[in-house]
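Descriptive structure summary
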Amino acid sequence: MKIINTHKLLFKGRQVYHHLLYGILLWVVALVHEFVLMSYPSFNAIDLSLVLRSILIILTINSAALFTRRYLLKLYDFQLTKFYQLLFSFTIEILFTIFLLKLLSVFMTMYHLVLNEYILIVYLFPLKIIEYSFLELDEMIGPLHLKKMLFDKYSSSTSEERVFLFADLNNSTQIANQLGEERYSNFLKDVFEKFSVIYDYYGDIFQYVGDEVVITWKVNDKHKNAYLDGANACLDTIKKSTPYFLNKYGIAPQFKMALHSGKVMTTTIGHLKKELCFHGEAINVTSKIQQYCDLFHSEIVVTKQLLETAKQELENFEYHGFRQVKGGGKELELYTPKKM
């Protein structure tokens, strides 16, 4: 199956830099507090050397965070529980940051700038704990969603044009019976982790529903190639993992996918437990047209509306005519990618 070229956004890099923003904001607050403690009642009293010192501190501490999270931890290839992963990462980052602060102190002394690294180290522990808490919350509610929640972007219903991808595990009941409850749960966990590649294609995992993954994109002309490329990337990642699944479970997962676009209302619901939700015909239609994957003997089925939204050439897809949407009177023109 041909994957249309796109400018691939490496989400892991984007995620690291986004997380660094938390650290920068926290350290700006800390240094402003330090100015107050050092009896600088107004910004007029803050000279250039103090501003330079503050910039160097922020760059040093967050460079340590960047290096630790993106490079240093890759040197260690062993299995740890989530708690010990966080503890290990936290410890390495703290020690590396203290080391860099010591070096910075020596460097600044050469230029007659004062750096009290011991006060900064006192700040370091609570601020890193807060930063790591933000990072974990960001992962729990979905990458980059924390910003939307904090600014309450969807407090009221907002009309949006979105693309939806439904990916359903084939023969899930049979697999569950064969593996048993515990192994089947671990099987799904391993399989769903493969879908994180969708973030390299600007997508967002909306939710996991039983043996199904729901992915969405906000329609954007810059990302128009990402919808089908993202779906193909997920299938390709799972296929490349076949030896792993066969060795561990004796079963290789296969999925059928449906892609459709349309207008939905986006909002947050709930008070004590907020959750982002989409309401509209587009999301319902996408879930219903998956049944045609088996009929068309294809892993992916798409609507003409999706192809028009993604500005794809129709000759690259096989046309299957108008088809009835189950549970409704609407008919849609369906296509499948031509096999290369």
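Structure: above.
Now for a look at the structure at hand.

The rules behind the values
Residues numbered from 1 in each chain as written. Predicted model: local features only at pLDDT ≥ 70, side-chain atom pairs only at ≥ 80, totals over all residues. Heavy atoms only, no water. Helix = DSSP H or I, 4+ residues; strand = E, 2+ residues; numbered from the N terminus. Buried < 20%, exposed > 50% of the residue type's maximum accessible area, 1.4 Å probe, protein only. Areas by Shrake-Rupley, 256 points an atom, 1.4 Å probe, with all protein chains shown as cover. Pairing = 2+ DSSP bridges. Patch = residues over 30% accessible without salt bridge, like charges linked within 9 Å, V, L, I, M, F, W, Y side chains within 5 Å. Salt bridge = Lys/Arg side-chain N within 4 Å of Asp/Glu carboxyl O. Expected span 1.5 Å × (residues − 1). Contact = heavy atoms within 4.5 Å. Polar contact = N/O pair within 3.5 Å; in protein donor to acceptor, adjacent residues only side chain to side chain. Phe/Tyr/Trp six-rings, centres within 6.5 Å; stacked < 30°, edge-to-face > 60°. Lys NZ or Arg CZ within 6 Å of the ring centre and 35° of its normal. Arc of directions from axis to C-beta. Core = buried A, V, L, I, M, F, W, Y, C linked by side-chain atoms within 4.5 Å.

**Thoughts on the overall build of the protein chain**
The number of helices and strands found in the protein chain is 12 helices and 8 strands. Residues counted as buried form 46% of the 340 residues belonging to the protein chain. Looking at the protein chain as shown, the accessible area adds up to about 18900 Å², and 60% of this sits on carbon and sulfur atoms.

**Some remarks on the pairing of strand E3 (residues 212-218)**
The element E3 is extensively covered by neighbouring structure, given that 6 of its 7 residues are classed as buried. Sheet analysis places strand E1 (residues 158-169) next to E3, joined by 7 bridges and oriented antiparallel. Residue pairing in the sheet places valine 163 in a bridge with tryptophan 217 of E3. One ladder, built from 5 bridges, connects strand E2 (residues 204-209) with E3; its direction is antiparallel. Following the sheet pairing, valine 209 is matched in E3 by glutamate 212. Counted between consecutive antiparallel strands, the loop separating E2 from E3 contains 2 residues, among which glycine 210 sits at a positive phi close to 60°.

**Side note on a nonpolar patch on the surface**
Residues Phe83, Tyr84 and Leu87 make up a contiguous nonpolar surface patch of about 330 Å² in total accessible area. Its location among the elements puts leucine 87 in helix H3 (residues 82-110). On the basis of relative accessible area, leucine 87 is assigned to the partly exposed category, the value being 40%.

**Describing helix H7 (residues 181-193)**
Helix length check: H7 (13 residues) gives 19 Å between terminal C-alpha atoms against 18 Å at 1.5 Å per residue, within 8%. For H7, the complete set of buried residues consists of Tyr184, Phe187, Leu188, Asp190, Val191 and Phe192. For H7, the secondary structure elements touched by its buried residues are E1, helix H6 (172-179), E2, E3, helix H9 (242-248) and strand E4 (255-269).

**Quick notes on the pattern of salt bridges**
With the rule as written, the count across this model stands at 9 salt bridges. With a closest N to O distance of 2.8 Å, glutamate 160 and arginine 162 form a salt bridge. Side by side, glutamate 160 and arginine 162 carry an identical accessibility label, which is buried. As a salt-bridge pair, lysine 256 and aspartate 168 come within 3.7 Å of each other at their nearest N and O atoms. Of the two residues, lysine 256 is situated in strand E4 and aspartate 168 in strand E1; the sequence distance between them amounts to 88 residues. In this structure, a network of salt bridges that share partners links the residues Glu160, Arg162 and Lys218.

**Focus on the side chain of threonine 309**
Positionally, threonine 309 belongs in helix H12 (residues 304-309). Note on threonine 309: relative accessible area 14%, which makes it buried. In this structure the side chain of threonine 309 is engaged in a polar contact, spanning 2.9 Å, whose partner is the backbone oxygen of glutamine 305. With residues near it in sequence (within four places) discarded, threonine 309 still touches Glu161, Val163, Val219, Lys224, Tyr227 and Ser261.

**Considerations on the packing of aromatic side chains**
Overall, the coordinates contain 12 aromatic pairs when judged by the stated rule. Judged by centre distance (6.4 Å) and plane angle (65°), the ring pair of phenylalanine 192 and phenylalanine 195 falls under edge-to-face. Residue classification places phenylalanine 192 among the buried residues on the basis of a relative accessible area of 11%. Seen from their ring centres, phenylalanine 192 and tyrosine 208 are 5.1 Å apart, and the 25° between their planes marks the pair as stacked. Of this pair, phenylalanine 192 sits in helix H7 while tyrosine 208 sits in strand E2, and the two are 16 residues apart along the sequence. Among the aromatic side chains, those forming a connected cluster through ring pairs are Phe187, Tyr244, Phe245 and Tyr249. Over the aromatic face of tyrosine 244 sits the side chain of lysine 194, whose NZ or CZ is 5.5 Å from the ring centroid.

**With respect to H6**
At 3.6 residues per turn, the α-helix brings residues three or four places apart onto the same side. Within the sequence span of H6, burial applies to Ser172, Ile175 and Leu179. Each buried residue of H6 sits inside an arc of 60° when the element is viewed along its axis, so together they form one side. Within H6, the exposed residues directed more than 90 degrees away from the buried face are Thr173, Gln174, Asn177 and Gln178. Those residues of H6 hidden inside the fold are in contact with E1 and H7. At the exit of H6 stands glycine 180, carrying a positive phi of roughly 90°.

**Here's the deal with the nonpolar core**
Most often, soluble globular proteins keep nonpolar side chains buried together rather than apart. Judged by nonpolar contacts, the single largest core of 41 residues is most densely connected at Phe187, Phe195, Trp217, Phe255, Met257, Leu259 and Val302. Counting residues per element, the ones that place at least two in this core are E1, H6, H7, E3, helix H8 (226-240), E4, strand E6 (300-303) and H12. Ranked by residue count, the leading element in this core is H8, at 8 residues. Leave out the neighbours within four places in its chain, and phenylalanine 255 touches Ala167, Asp168, Leu169, Asn170, Val191, Phe192, Phe195, Asp211, Leu235, Ile238 and Glu299. Formed by 10 residues, the second largest nonpolar core is a distinct cluster that contains Ala258, Val285, Val301 and Leu334.

**Describing unusual backbone geometry**
One non-glycine residue, asparagine 171, lies in positive phi territory at about 55°. The phi torsion at lysine 311 lies on the positive side, around 55°, for a residue other than glycine. Mapped onto the elements, lysine 311 comes out in the loop between H12 and strand E7 (317-324).

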